[in-house]
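Examination of the molecular architecture
Each chain, written out:
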Protein chains: 2
Amino acid sequence: MKIALDSFDYKILGILQDNAALTNQEISERIGLSASQISRRRQKLEQEGVIRRYRADLNPQALGLLVTAYVGVTLGAHSRENAARFRTMVTAMPEVQEAHTMTGDVDYILKIVVPDLQALSRVINDDLLPQEAVQNVRSSIAMETLKDENRLPLRSTA
Amino acid sequence: MKIALDSFDYKILGILQDNAALTNQEISERIGLSASQISRRRQKLEQEGVIRRYRADLNPQALGLLVTAYVGVTLGAHSRENAARFRTMVTAMPEVQEAHTMTGDVDYILKIVVPDLQALSRVINDDLLPQEAVQNVRSSIAMETLKDENRLPLRSTA
DNA sequence: CTATCCAACGCAATTTTCATGCACACACCC
DNA sequence: GGGTGTGTGCATGAAAATTGCGTTGGATAG
């Protein structure tokens with residue numbers, strides 16, 4: 001199933017990506033399309049899976065989550081089961097916001113958000129390092145976040 | 001101004017963080033508080049800045065954004081202006097989802113999302129490397145994303 | 001122990017927003 | 001030229017959010 005999006009769809013996505021609290025009427029006024037059409041197009045986009053869901057974007061500072069860190073994990077040449085266990089574990093850890101397998105010298109990169117450095121240390125020493133599969137862990141702490149919008153770049157063409 | 005949150009607030013935040021499309025009535029049923037109170041508490045949380053905004057979470061695959069990369073940037077010992085220019089530039093680049101200044105041997109980590117490897121190469125060679133301040137760039141590509149929910153870990157206490 | 005106060009609560013009424021049936025317009029194909 | 005299909009705006013009915021209001025419960029002071 002091919003998904004065809006026109007420029008109205010892109011405009012709607014671009015707006016909703018920044019502010020999903022706008023009413024269809026407000027979106028309507030910004031892009032010059034009736035509110036009912038906005039509604040129908042949104043339904044389509046949701047059904048097609050282009051819009052995965054709607055989320056509240058919380059302020060980490062206000063919640064006492066002051067430390068963001070990127071942790072590079074290297075796995076040893078271990079059993080498939082241990083590696084699988086590592087992935088399951090990491091996926092289930094609430095402090096881990098993102099986890100990717102990477103090309104290059106590091107196998108995994110984890111984005112971790114915690115209240116303070118002590119909590120980071122706990123996560124690394126108690127949760128990550130004890131795992132069989134883990135050979136090495138290198139963490140780097142974000143001192144200042146310049147940008148963290150997780151806004152996808154929508155191609156302007158079409 | 002100290003922000004005091006009780007367990008109802010945490011429950012609301014936890015739910016909205018996963019699904020902001022739920023009605024107050026539905027949230028009400030899940031946590032045992034009337035819909036009108038959910039509404040009032042949400043207003044308070046929004047006003048206090050705990051809830052920053054509501055966003056549509058888009059599917060990168062469906063939009064042809066197939067490549068996620070983490071790029072570590074090292075700055076040379078250059079002028080303050082060049083460094084500032086770098087930060088401005090990076091903040092304005094749509095492909096850059098996140099940008100953090102880091103502790104350790106790398107000055108910045110950028111999370112970049114692009115359609116393909118060619119586009120990544122373009123970003124690095126045309127946008128990043130030509131900058132005065134930039135000394136070195138090392139990129140690592142995400143082969144598989146295990147987790148990318150950007151869900152903050154809300155402390156269960158209180 | 002009781003009176004008072006204040007914040008939080010639920011209910012119900014109001015207002016806003018959403019969803020959909022319907023008729024029309026435009027483009028494309030036969 | 002006529003028919004078909006997709007997309008559109010308008011208007012209506014349904015659903016949801018918001019808010020006024022009276023009440024409740026817990027803390028504090030007398």
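See above for the structure.
Because the structure is a prediction, the values reported are computed rather than measured.

1. Re the interface of chain B and chain A
Chain B puts 62 residues into the contact, and the matching count from chain A is 62 residues. Both faces combined, the contact of chain B with chain A buries some 6,300 Å², and carbon together with sulfur accounts for 52% of it. Sorting the residues of chain B by area buried against chain A places B:Arg55, B:Leu146 and B:Lys147 first, and these three jointly supply 12% of that buried surface. Between B:Arg87 and A:Glu144 there is a salt bridge; the shortest N-O distance is 2.7 Å. On the surface where chain B and chain A come into contact, there are 55 residue pairs in polar contact (both at pLDDT 80 or more). Every element with two or more residues in the side of chain B that touches chain A is listed here: α1 (7-18), β1 (51-58), α4 (80-92), β3 (96-102), β4 (108-114) and β5 (134-148) of chain B. Among the elements that make up the side of chain B that touches chain A, the one with the highest residue count is β5(B) (ten residues). Across the side of chain B that touches chain A, the residue classes tally to 34 nonpolar, twelve polar and 16 charged. In this sheet, β5(B) lies alongside strand β3 (residues 96-102) of chain A in antiparallel orientation, the contact comprising five bridges.

2. A short note on the environment of B:Tyr70
When you line up the elements, B:Tyr70 lands in strand β2 (residues 67-75). For B:Tyr70, a relative accessible area of 5% corresponds to the buried category. For the pair B:Tyr70 and B:Arg151, spaced 81 residues apart in sequence, the C-alpha separation works out to 19 Å. Non-local contacts of B:Tyr70, meaning those with residues more than four positions away in its chain, are made with A:Tyr70, A:Glu98, A:His100, A:Met102, A:Ile109, B:Ile109, B:Leu110, B:Lys111, B:Arg138, B:Ser139 and B:Ser140. For B:Tyr70, the side chain forms a polar contact with the side chain of A:Glu98, separated by 2.5 Å.

3. Some points on the protein's contact with DNA strand D
In the vicinity of DNA strand D, 13 residues are found, and the nearest of them are A:Ser34, A:Arg40, A:Arg41, B:Asn24 and B:Ser39. Taking the atoms of DNA strand D that fall within 4 Å of the protein, sugar and phosphate contribute 64% of them. Interatomic distance of 2.6 Å between a side-chain N/O atom of A:Ser34 and a phosphate oxygen of DNA strand D. Within the side chain of A:Ser36, a nitrogen or oxygen atom sits 3.3 Å from a base nitrogen of DNA strand D. Elements that contribute at least two residues to the surface near DNA strand D include exactly α3 (35-48) of chain A together with α2 (24-31) and α3 (35-48) of chain B. Among the residues forming the surface near DNA strand D, the class breakdown is one nonpolar, nine polar and three charged.

4. Some thoughts on α3(B)
Residues and elements named next belong to chain B. An ideal rise of 1.5 Å per residue puts 20 Å on 14 residues; α3 measures up with 20 Å between its terminal C-alpha atoms. Looking only at α3, the buried set comprises Ile38, Arg41, Arg42 and Leu45. One side of α3 carries all its buried residues, which in axial view fall inside an arc of 105 degrees. Residues of α3 that are exposed and point over 90 degrees away from its buried face: Arg40 and Gln47. Positive backbone phi, at 90 degrees, marks Gly49, one or two positions downstream of α3.

5. Focus: the relation of the copies chain B and chain A
There are two copies of the chain, and a rotation about an axis plus a shift along that axis relates them. Between chain B and chain A, which share one sequence, the superposing operator has a rotation angle of 180 degrees and an axial displacement of 0.0 Å; the RMSD is 0.1 Å. In short, the pair behaves as if placed about a two-fold rotation axis. When C-alpha positions in chain B are compared against the rotation axis, the closest is assigned to B:Arg55, at 2.7 Å.

6. Re the sheet that holds strand β2 (residues 67-75) of chain A
What the eight strands build is a closed barrel, ordered β2(A)-β4(A)-β3(A)-β5(B)-β2(B)-β4(B)-β3(B)-β5(A); its pairing is antiparallel. Mean inter-strand twist for the sheet, computed between neighbouring axes without regard to direction, equals 35 degrees. As paired elements, β3(A) and strand β4 (residues 108-114) of chain A share five bridges and run antiparallel to each other. Within β4(A), the position partnered with A:Ala99 by the bridge is A:Leu110. Sheet strands in contact with helix α4 (residues 80-92) of chain A are β2, β3, β4 and β5 (134-148) of chain A together with β5 of chain B, and its direction is about 90 degrees off that of β5(B). Here α4(B) sits on the sheet in contact with β5 of chain A together with β2, β3, β4 and β5 of chain B, set at roughly 90 degrees to β5(A).

Here is what the cut-offs are and how they apply
Residues numbered from 1 in each chain as written. Chains lettered and ligands numbered in written order. Predicted model: local features only at pLDDT ≥ 70, side-chain atom pairs only at ≥ 80, totals over all residues. Heavy atoms only, no water. Contact = heavy atoms within 4.5 Å. Buried area = accessible area lost by both parts, 1.4 Å probe. Salt bridge = Lys/Arg side-chain N within 4 Å of Asp/Glu carboxyl O. Polar contact = N/O pair within 3.5 Å; in protein donor to acceptor, adjacent residues only side chain to side chain. Helix = DSSP H or I, 4+ residues; strand = E, 2+ residues; numbered from the N terminus. Nonpolar A, V, L, I, M, F, W, Y, C, P; charged D, E, K, R; others polar. Pairing = 2+ DSSP bridges. Buried < 20%, exposed > 50% of the residue type's maximum accessible area, 1.4 Å probe, protein only. Near = heavy atom within 4 Å. Expected span 1.5 Å × (residues − 1). Arc of directions from axis to C-beta. Least-squares fit on C-alpha atoms with pLDDT ≥ 70 in both. Axes fitted to C-alpha atoms, helices over the stretch in contact; angles between N-to-C directions.

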